[in-house]
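Listed here are the chains, written in short residue letters.
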Amino acid sequence: MKRMVVLSVVCMMLAAATVGLAGCPVTAGGWPVLEIGREYLFRSSADNVLRATVVSQAGQWVTATDYTGSPSLVNLENVFDIRD
């Protein structure tokens with residue numbers, strides 16, 4: 001039993017280290033924390049893609065501007081892929 005607990009902890013630590021080294025955004029409350037001022041590609045479906053710069057974030061809600069400066073409100077609950 002003790003070995004299983006130790007092995008589980010080691011596996012979780014390795015998984016966390018892998019995600020950290022892979023450059024995945026840190027999560028807060030289950031939502032990725034995006035860097036303010038950085039440009040991301042938000043994909044919510046195959047034909048719905050938005051490349052925008054993050055202005056602010058409150059949990060799952062992200063305010064961003066596209067290349068024309070138009071503001072957008074992005075609900076991360078609808079986004080399945082975020083790339084920078």
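Residues numbered from 1 in each chain as written. Predicted model: local features only at pLDDT ≥ 70, side-chain atom pairs only at ≥ 80, totals over all residues. Heavy atoms only, no water.

**Observations concerning the sheet that holds strand S7 (residues 81–83)**
Right, so step 1: Strand order in this open sheet of five strands is S6-S5-S4-S3-S7, and the pairing throughout is antiparallel. Strands with a single pairing partner mark the edges of an open sheet, and in this sheet they are strand S6 (71–75) and S7. Each strand axis lies, on average, 45 degrees off the axis of its neighbour in the sheet, ignoring direction.
Right, so step 2: Both strand S3 (residues 39–45) and S7 contribute to a ladder of three bridges, which runs antiparallel. Bridging from a neighbouring strand, Phe42 pairs with Ile82 of S7. (Pairing = 2+ DSSP bridges. Helix = DSSP H or I, 4+ residues; strand = E, 2+ residues; numbered from the N terminus. Axes fitted to C-alpha atoms, helices over the stretch in contact; angles between N-to-C directions.)

**Points about the pairing of strand S4 (residues 48–58)**
Right, so step 1: Alignment of S3 against S4, held across six bridges, turns out to be antiparallel. Across the sheet, Glu39 pairs through a bridge with Thr53, a residue of S4.
Right, so step 2: Here S3 folds back onto S4, and the loop between the two strands holds two residues.
Right, so step 3: Where S4 folds back onto strand S5 (residues 61–65) in an antiparallel hairpin, the turn is made up of two residues, including Gly59, whose phi is positive at roughly 65 degrees.

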